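Next come the chains, spelled out residue by residue.
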Amino acid sequence: MARSSRFSLVAIAVIAAFAVGPVASSAAAEPGPHPAVSVAKAKKKGKSKQRTRLGGKVRNAWPESGKRRPKTALTRWLARQVGPRKPLACGKRPKAARAKCARRKGRASAAAFAPLAMTAAAAKRISSGERVNIVPSGDLGGLELIRSFDIPADDPSYDRLLNWSWTYDSAVVATAFAAVGLQDQSARLLDQLAALQYKDGSIEMAFEVRSGESSSQIRAGSVAWSGIGFVDYDAQFGDRRYVDNARRAADYLLSLRNESGLVRGGPDVEWVSTQHNLITTIFLMNLAQRLDELGDPDAAAGYREAAAKLIEGIDSQLLIRDKESAHFRQGVDDDVVPLDTQAIGTIYAFFRGDGELAKQLYEFALQNFAIGKRSIKESQAKATYNMTYAAEGPFAGFRPYLGRRAPDVLWFEGTAEMRLVSTFVGESTEQLDADMNEWWAVTRKQGLAPLGADRTVTNNRYNEYHVWPTAAAGAWTVLSGASTDVEWATPPQDPQQILSLLR
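Residues numbered from 1 in each chain as written. Predicted model: local features only at pLDDT ≥ 70, side-chain atom pairs only at ≥ 80, totals over all residues. Heavy atoms only, no water.

1. Details of the overall build of the chain
Secondary structure assignment for the chain yields 18 helices and ten strands. Counting every position in the chain, which comprises 503 residues, the buried fraction comes to 61%. Pairs at least 24 residues apart make up 72% of the contacts formed inside the chain by residues separated by at least 6 positions. Roughly 18700 Å² of accessible area belongs to the chain as shown, and the carbon and sulfur atoms make up 49% of that amount. (Helix = DSSP H or I, 4+ residues; strand = E, 2+ residues; numbered from the N terminus. Buried < 20%, exposed > 50% of the residue type's maximum accessible area, 1.4 Å probe, protein only. Contact = heavy atoms within 4.5 Å. Areas by Shrake-Rupley, 256 points an atom, 1.4 Å probe, with all protein chains shown as cover.)

In structure tokens, the structure reads:
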């Protein structure tokens, strides 16, 4: 197993972002935007309710002190997305949305699966930025996780998803903060994830940040991304504050292995996701290297051996080779093909020293996922609602899936992922830079992150997509090479030099 350079979380941000809702197929690799169906079980009291969280201290990502505030508009937007937001009163919403808002009033909690009332303690914390203890169990109150979406107040999904945060999003935003040297903001997000982690190393895949309620589902991908964040922060900033959290996460993931040696999607399912196993493998490799650096070679050897066994299963069960082409399928017995799994796979191959496989995966993605001549149009239909953003384009980028009835959308996260993957295989990013810059121009003047998709899709069996600025899109704008709010930065084409910049 090649270990030519640290694969830090900042570098792992080239990995495709995974989302957290179940999909129709058995493997449920969960890439792309976060489907609303995943929050439908948020009020169920599962076994996780009986377990104990680690607890800890957290602070706001947007501090009162001007010295600690992020300097660019995009990182400021990301910091301000952290923590609860009070829903806009019905009377203050756009006129077309007021009647529907009034009809929903009184049952908003059921619609959003979380109470909308903020506790006095949470409100005080948000206004003052003071350090507070997170209660290890019971009612958590307001949480300092990033809200996954910036939703227009007239949107039918406003009450449903306004304050929901997917664990992946907090991890990838922490990565973006670390990538531009915002150690304080990165730590504040990771402190909250650490406080929410259960003692067995698991963490739910989503939280309602106003009430502290969580989804009932624990998924391997969420746990792995949290673990990657813990390890990367310590390595990036020469710290060891999260090493115990990382080891708990790693041990939990290894407890999910099935008879074939691959990690299952979660404790309550038998399906196996390619993406989850790729992310877990990289996490274990990073943790092993960090433990070596901290003087614990025996523990490092154990995690390195576990990663090697996962690699055997990934290559034998999840990788599809066809003459001079190769791609990863979504999971065991699941032939859906996600874009972000190809991006993860490209990096996975590169760091195993298999440059030929990395190039094959990259070329497969280019040939099968690229789309163009797109525009953003308004729509009043509930299933495709978008009355805020419109632009003729034409825009170009990448779609999220190959498969029967796959959603026909331009997906910005995946486009940004492909931008950074291009640098790893030595391809020019000039055209992608231009495409992404034009896309971001739709929202950049307002100081917002890029839109997640070019159209709204809420009735697709794969995932849910919206024409909103999203936390993941903002994070990937930074991580894909856009280090300023003005233009796209093109890293050197030498992958080793790229890694040194990203660390």
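2. Topic: the nonpolar core
In terms of nonpolar packing, the biggest core is built from 98 residues, with Val173, Phe283, Leu284, Leu287, Tyr303, Phe328 and Ile376 touching the most fellow members. Core analysis: the second largest hydrophobic core is formed by 24 residues, Tyr362, Phe364, Val425 and Tyr462 among them. (Core = buried A, V, L, I, M, F, W, Y, C linked by side-chain atoms within 4.5 Å.)

3. Regarding the pattern of salt bridges
In total, this model carries 24 salt bridges according to the counting rule given. Here Asp159 makes a salt bridge to Arg93, at a shortest N to O gap of 3.0 Å. In this pair, Asp159 sits in helix α6 (residues 158-161) while Arg93 sits in the loop between α2 (73-80) and α3 (95-104), placing the two residues 66 residues apart along the sequence. By the burial criterion, Asp159 is buried, and Arg93 matches it. Across the pair Arg455 and Asp408 runs a salt bridge, and its minimum N-O distance is 3.8 Å. Highlighted residues: Arg455 in the loop between α16 (430-444) and α17 (471-479) and Asp408 in the loop between β10 (401-402) and α15 (412-424), separated in sequence by 47 residues. Since its relative accessible area comes to 38%, Asp408 is described here as partly exposed. Among the ionic contacts, a cluster of salt bridges with common partners joins Arg374, Arg399, Asp408, Asp454 and Arg455. (Salt bridge = Lys/Arg side-chain N within 4 Å of Asp/Glu carboxyl O.)

4. A closer look at the packing of α15 against α16
At a minimum axis separation of 10 Å, α15 and α16 run at an interaxial angle of 150 degrees. The angle between α15 and α16 falls in the class roughly antiparallel. α16 is crossed by α15, and the crossing has left-handed handedness. Only Leu432, Asp433, Met436 and Trp439 of α16 make contact with α15, whose side of the interface consists of Phe412, Thr415, Ala416, Met418, Arg419 and Ser422. Here the residues of the contact of α15 with α16 sort into six nonpolar, two polar and two charged. (Axes fitted to C-alpha atoms, helices over the stretch in contact; angles between N-to-C directions. Parallel < 35°, antiparallel > 145°, perpendicular 65-115°, else oblique. Left-handed = near helix turned anticlockwise from the far one by under 90°. Nonpolar A, V, L, I, M, F, W, Y, C, P; charged D, E, K, R; others polar.)

5. Overview of the packing of aromatic side chains
In this structure the tally under the stated criterion is twelve aromatic pairs. Considering the side-chain rings of Phe328 and Tyr348, the 6.0 Å spacing of their centres and the 75 degrees angle between planes classify their relative orientation as edge-to-face. Residue Phe328 is located in strand β6 (residues 325-328), and its partner Tyr348 is located in helix α13 (residues 339-351); the two are separated by 20 residues in the primary sequence. This pair shows no difference in class: Phe328 is buried, exactly as Tyr348 is. One aromatic cluster in this structure is built from Phe149, Trp164, Trp166 and Trp468. The lysine or arginine in question, Arg80, covers the ring of Trp62, its NZ or CZ lying 4.2 Å from the ring centre. In this arrangement the basic side chain of Arg444 is found over the ring face of Trp440, its NZ or CZ atom lying 4.5 Å from the centre. (Phe/Tyr/Trp six-rings, centres within 6.5 Å; stacked < 30°, edge-to-face > 60°. Lys NZ or Arg CZ within 6 Å of the ring centre and 35° of its normal.)

6. Focus on α2
Those residues of α2 lying buried are Leu74, Thr75, Trp77, Leu78 and Ala79. Buried-residue contacts for α2 involve α7 (167-179), α16 and α17.

7. Some remarks on unusual backbone geometry
A cis amide bond links Gly393 with the next residue in sequence, Pro394, at an omega value of 0 degrees. Examined against the element boundaries, Pro394 turns out to sit in strand β9 (residues 391-398). Even without glycine at this site, Asp333 takes up a positive phi of about 60 degrees. Topologically, Asp333 is positioned in the loop between β6 and β7 (337-338). Of note, the phi angle at Arg405 is positive, near 60 degrees, even though the residue is not glycine. Examined against the element boundaries, Arg405 turns out to sit in the loop between β10 and α15.

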